[in-house]
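# Notes for the structure review
What follows is the residue order along each chain.
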Amino acid sequence: TADYIANHLDELARVKKDDPERAKKIGEFGVAFTSRAFRRPLTEEERVYFVDRRFQEADSLEMAVRRLVLLTLTSPRFLYPDSSFESMDGSWAKSASLALTLWDSVPDAELIKRTQSNRFKDPKKWEEEARRMVWDRRTRDKLNGFFHHWLELDRAYEISKDSKLFPDFSPEVMADLRTSLDLFLEQAIWTGSSDYRQLILADSLFLNSRLSKIYGDGKDQKGFQKVSLPPQNRAGVITHPYLLTSFAYHDNTSPIHRGVFLTRNIVGIALKPPPEAIEFKDSDFDPTLTMREKVTELTRSKACMACHSMINPLGFSLETFDAMGRFRQKELNKTINDDSELKTDDGTKIQIKGPRDVAEFAANSPTAHRAFVRQLFHHFVKQPTAAYGPNTLDDLQKHFTETNFNVSELLVRIATTAAQGKQP
């Protein structure tokens, strides 16, 4: 970074080589750079140490700036912003926190300008500013990072399928499915009401011609188009083929992998580590058994069912989708049974008949809402909610409910909560 800035110094400082005030303007650039990195105006002592002294001791302007950049970007004031908030004026600390929370970056020129002008004396102005920043591309990129974690998308990177059983599968199909998922997430959050529930209730997929031949009606179409499907066949991310393909074996479905994902990430119920690891070996079972029958046999012990009483019903609800996420009604010429009874953590028993019931349950479950809020806060703030007060999670969940589960508004509240600072 130091080399780049030194090599592009005149361009960055907006000065010409023959400008008689070149040294002065480059010095002003040094002050601006360090101030931006520290997220606030420099004190007189900092200006002397980080800027003035570099120009006094270096043999050239370029060398001075190179040293200034190195010193600034290795300073705890830049690397550990939380520790420097205590020494900041309140408005500067809050603006720095907003930028770090929503962008993983420093305040932009607009935020700096508004902080300098004391625009934020009215607490409501912070909320307005956070709302402006939420709609910046950088917030979208950070939210995409959350979805990558929440939906465990790393699993898909090395997915392979048995070419004899799934001749339609290819890296190109997986790439198209990832685009389809990205388009779905973008549309669900950044258009309309930004309703979290649509992430798990939507009955549509974005399909191009290649995907339409596998998951749709086979029509040729230009680019990706939003295609509505029978509600019983699709339920948001729960049944998106990209995830269904990822949470499956190379030659068959995996109710356990799918069930664990739904339990932890969608329904929001924590699972304890299994008392012992049991490997699923398909060759150990009668080949005439369905996958549901095999998993039922494998997990029938009391020790297993402590968790699998939750995992299995959720995983079985997706058995109408094969290892590529294609809808099906039969396995081994047997009609697929996706009905189960789900016992929740409070002892309530719920009848599950396919993925739509799972989606409806999660969309209306305070436990699922709470888990989503908690995970989203942690991803953006990089701290647990409890660090910001014992009632923070309750307050965020209440706000989430009152705004009809608006994700973009939840991000605004998360950012302004973080800007208020931690509580002892």
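One can find the structure itself at the top, above this paragraph.
Presented here is a report on the structure given in the accompanying data block. Everything quoted here is computed from the prediction, not taken from an experiment.

Turning our eyes to something else, we now look at the overall build of the protein. Across its full length, the protein holds 22 helices and six strands. Over its C-alpha atoms, taken along the principal directions, the protein stretches across nearly 85 × 45 × 45 Å. A burial count over the protein gives 51% of its 424 residues as buried. The long-range share in the protein, meaning contacts at least 24 apart out of those at least 6 apart in sequence, stands at 66%. Approximately 21,300 Å² of the protein is accessible, and the part contributed by carbon and sulfur atoms is 49%.

Another aspect to go through is the packing of aromatic side chains. All chains considered together, the criterion is met by 19 aromatic pairs. On the basis of an interplanar angle of 20° and a centroid distance of 5.5 Å, the ring pair of Phe280 and Phe285 is categorised as stacked. Like Phe285, Phe280 is buried. Every member of this aromatic cluster is reached through a ring pair, and the members are Phe146, Phe147, Trp150, Tyr196, Phe372, Phe400 and Phe405.

Here we come to the side chain of Arg258. Inspection of the secondary structure assignment puts Arg258 in helix 16 (residues 255-267). At 3.2 Å, the side chain of Arg258 forms a polar contact with the backbone oxygen of Phe247. For Arg258, the side chain forms a polar contact with the main-chain oxygen of Phe321, separated by 3.0 Å.

Right, let's get into the packing of helix 9 (residues 109-116) against helix 10 (residues 123-134). At a minimum axis distance of 11 Å, the contact between helix 9 and helix 10 shows a crossing angle of 170°. On the basis of their axis angle, the class for helix 9 and helix 10 is roughly antiparallel. In contact with Glu110, Leu111 and Arg114 of helix 9, helix 10 contributes Glu129, Arg132 and Met133. For the contact of helix 9 with helix 10, a count of residues per class yields two nonpolar, no polar and four charged.

To continue, consider the pairing of strand 6 (residues 349-353). Here is the key point about a regular strand: its side chains alternate between the two faces of the sheet. The pairing of strand 5 (residues 339-343) with strand 6 spans five bridges and is antiparallel. Among the inter-strand pairings, Lys343 is bridged to a residue of strand 6, identified as Lys349. Between the antiparallel neighbours strand 5 and strand 6 lie five residues, among them Gly347 with a positive phi of about 90°.

We now examine helix 8 (residues 90-103). Compared with the 20 Å implied by 1.5 Å per residue over 14 residues, the 20 Å span of helix 8 between its first and last C-alpha is a close match. The buried fraction of helix 8 is high, at 10 of 14 residues. When helix 8 is considered as a whole, its buried residues turn out to be Trp92, Ala93, Ser95, Ala96, Ser97, Leu98, Ala99, Thr101, Leu102 and Trp103. Just past helix 8, the residue Asp104 takes up positive phi, approximately 55°.

This paragraph deals with the nonpolar core. Counting residues in hydrophobic clusters, the biggest one holds 88 residues, and the most contacted among them are Leu143, Leu151, Tyr196, Leu199, Ile266, Phe372 and Leu376. The greatest single-element share of this core, amounting to nine residues, is contributed by helix 12 (residues 171-190). Apart from the residues lying within four places of it in its own chain, the contact partners of Leu199 are Phe147, Trp150, Phe184, Leu185, Ala188, Ile189, Gly236, Val237 and Phe372. Grouped together as the second largest cluster of nonpolar side chains are 17 residues, Phe33, Ala37, Phe50 and Val69 included.

Analysis parameters
Residues numbered from 1 in each chain as written. Predicted model: local features only at pLDDT ≥ 70, side-chain atom pairs only at ≥ 80, totals over all residues. Heavy atoms only, no water. Helix = DSSP H or I, 4+ residues; strand = E, 2+ residues; numbered from the N terminus. Buried < 20%, exposed > 50% of the residue type's maximum accessible area, 1.4 Å probe, protein only. Contact = heavy atoms within 4.5 Å. Areas by Shrake-Rupley, 256 points an atom, 1.4 Å probe, with all protein chains shown as cover. Phe/Tyr/Trp six-rings, centres within 6.5 Å; stacked < 30°, edge-to-face > 60°. Polar contact = N/O pair within 3.5 Å; in protein donor to acceptor, adjacent residues only side chain to side chain. Axes fitted to C-alpha atoms, helices over the stretch in contact; angles between N-to-C directions. Parallel < 35°, antiparallel > 145°, perpendicular 65-115°, else oblique. Nonpolar A, V, L, I, M, F, W, Y, C, P; charged D, E, K, R; others polar. Pairing = 2+ DSSP bridges. Expected span 1.5 Å × (residues − 1). Core = buried A, V, L, I, M, F, W, Y, C linked by side-chain atoms within 4.5 Å.

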